[in-house]
Amino acid sequence: MRENFEKSYDLVVIGGGVAGVAAALAAARRGRRVALVEKTVLWGGLATTGIIFIYLPLCDGNGTQVTFGISEELLKAGMKYGPGDIPAGWKEGRNLPEEKRYRTVFSPASMVLALDELLAESGCDLWLDTLLVDAECRSGRVESVTVANKSGTGKLRAAAFVDASGDADLAFYTGASCPVAANALASWTLEYSEQGGGHLLAPTIRASIVGGSVDPDFTVPGVNGRMVSEFVMAGRAEYRRRLSEDYASGKSNRCTRFPLKVPAMADLRHTRRIDGEFTLQPGMEWQAFEDSIGVCADWRTTGKVWELPFRALLPKELENVVAAGRCISSHGDAWEVTRVIPVAALTGEAAGITASLVAERCCSAHELPVAEVQLAMKQAGNPVHISELYPGR
Ligand SMILES: Cc1cc2nc3c(=O)[nH]c(=O)nc-3n(C[C@H](O)[C@H](O)[C@H](O)COP(=O)(O)OP(=O)(O)OC[C@H]3O[C@@H](n4cnc5c(N)ncnc54)[C@H](O)[C@@H]3O)c2cc1C
């Protein structure tokens, strides 16, 4: 029989990507009753289901680690069931003059297994295969969310919510304004390959993990249901085209190189984000913000470091929703920096802490003294200001 279920929590996290997992772990470890809602059956979002298997750097490229906490914990979790290891220079201590950046390549399946373990230990109530479909909001306060799964539809109530859906689905379903950006075509795949370098699992299994295509001329906003299908189909068509071309030219053959896995979610970079109380803008690297909750590095270049303002996690129009991951309020070049895996985990941890405090006080996130979030972040091992990492700056 179709069931209409209803449950109450201190906080509900929407989206079990890297950001949502970090948020749920941070909140559950503070003793909160947490529900984590994920529409697929895998944790990790783009990093696992989307086969984006490069954990971009926690360091500035000049030997200084800038991102710690749950972000570093998840980087290490991705290595737990193999293969690979963290770069040697980053094993022994901090601030080593190290050529290589503190980044890793991980097996998406190993990452899922490790996240399963961390989440099970944390005591979160886990809702896999469950889709957020609506939100009930009164005077800027979300009272409950409607979710759908095999049982039917149900309501999850909470005092605070984290929007870690990647696409700001929760904020959007409340009717709050959400800026949208377009996407270049991309599709990352897992391949078996006996040829060439880059073997992640070499030498015994000899499977390689290969990045897919990017076509800058094919742009879609990833929040139009129809266009998401077109995007995914076009990505797979491009992959087929490349494979066929390589087979036909003799560059590779179907026995020694073939597809193992294609992404089970659309590889969309920028979709919808919250309209935050503050929007991080291009050129704000090295800028100090009084309300910074963490520090991250620009993955594209060395020596560019950013503080992350608390206000960029707070949707202007909502009182008890905190954003995390690639849907926080950052724009253009700043969005490029904040949307990646290590930063998603960092903002996830901050969002989980914030939502815990909001739930505890039954207050508005906008009224919460940021010093409390900063203190909790520091206690969890995260520097919150650049000056803590670079004395004299
Ligand atoms: C092509 C491409 C290449 C990239 N390359 C890299 C790279 O090399 N290194 C790197 O660090 N980053 C890279 N990124 C960025 C990075 O992968 C993501 O931005 C990051 O993983 C975002 O994490 P997230 O948790 O914020 O969002 P997501 O990973 O998008 O997670 C959101 C989760 O919410 C779930 N969800 C969504 N809507 C709902 C709903 N309505 N109900 C329930 N659940 C829902 C999704 O299933 C998903 O699990 C790349 C991204 C793309 C697209």
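Residues numbered from 1 in each chain as written. Predicted model: local features only at pLDDT ≥ 70, side-chain atom pairs only at ≥ 80, totals over all residues. Heavy atoms only, no water.

Student: Please clarify how the overall build of the protein chain should be interpreted in this entry.
Tutor: When you go through the protein chain residue by residue, the secondary structure sums to eight helices and 16 strands. The C-alpha radius of gyration computed for the protein chain amounts to 21 Å, which stays within 12% of the reference 21 Å derived for 393 residues, consistent with globular compactness. The C-alpha extent of the protein chain, read off along each of the three principal axes, is 65 × 65 × 40 Å. Counting the 393 residues in the protein chain, one finds 58% classified as buried. For the protein chain, the share of sequence-separated contacts (at least 6 apart) that also reach a separation of at least 24 residues comes to 71%. Summing over all exposed atoms, the protein chain offers an accessible surface of approximately 16,000 Å²; the carbon and sulfur share of this is 52%. Here the protein chain holds 41 positive side-chain charges and 47 negative ones, and the gap between their average locations is 4 Å. (Helix = DSSP H or I, 4+ residues; strand = E, 2+ residues; numbered from the N terminus. Rg over C-alpha atoms; globule rule 2.2 N^0.38 Å. Buried < 20%, exposed > 50% of the residue type's maximum accessible area, 1.4 Å probe, protein only. Contact = heavy atoms within 4.5 Å. Areas by Shrake-Rupley, 256 points an atom, 1.4 Å probe, with all protein chains shown as cover. Lys, Arg positive; Asp, Glu negative; His and termini not counted. Charge placed at Lys NZ, Arg CZ, Asp CG, Glu CD.)

Student: Help me out: how do you make sense of the pairing of strand β9 (residues 152-157) in this one?
Tutor: Note on strand geometry: in a regular strand, side chains alternate between the two faces of the sheet. Here strand β1 (residues 5-8) runs beside β9; their pairing, made up of four bridges, is parallel. Paired with Lys7 across the two strands is Leu156, which belongs to β9. The hairpin formed by strand β8 (residues 141-149) and β9 contains two residues between the paired strands. (Pairing = 2+ DSSP bridges.)

Student: I'm lost on the packing of aromatic side chains in this one. Help?
Tutor: According to the stated counting rule, one finds seven aromatic pairs in the structure shown. Here the aromatic rings of Phe278 and Phe289 are separated by 5.4 Å at their centres, their planes lie at 65°, and the arrangement is edge-to-face. On the criterion of sequence distance, the pair formed by Phe278 in the loop between β13 (257-261) and β14 (292-297) and Phe289 in the loop between β13 and β14 is long-range, its members being 11 residues apart. Using a relative accessible area of 17% as the deciding quantity, one classes Phe278 as buried. The exposure class assigned to Phe289 is buried, which follows from its relative accessible area of 5%. Over the ring of Trp335 we find Arg273, and its NZ or CZ is 5.6 Å from the ring centre. Directly above the ring of Trp286 sits Arg393, whose terminal nitrogen or CZ lies 3.7 Å from the centroid. (Phe/Tyr/Trp six-rings, centres within 6.5 Å; stacked < 30°, edge-to-face > 60°. Lys NZ or Arg CZ within 6 Å of the ring centre and 35° of its normal.)

Student: How should the sheet that holds strand β10 (residues 160-163) be read in this particular structure?
Tutor: Strands in a sheet are paired, the pairing made by backbone hydrogen bonds, and the direction either parallel or antiparallel. Spatial strand order, β6-β3-β2-β10-β16: five strands in an open sheet with parallel pairing. For this open sheet the edge positions go to β6 (125-127) and β16 (321-323), each flanked by a neighbour on one side alone. In this sheet, neighbouring strand axes are inclined to one another by 20° on average, regardless of whether the strands run parallel or antiparallel. Against the sheet, helix α1 (residues 18-28) touches β2 (11-14), β3 (34-37) and β10, its axis set at about 170° to β3. The sheet contacts of helix α7 (residues 341-361) involve β2, β10 and β16, and relative to β10 the element is tilted by about 165°. (Axes fitted to C-alpha atoms, helices over the stretch in contact; angles between N-to-C directions.)

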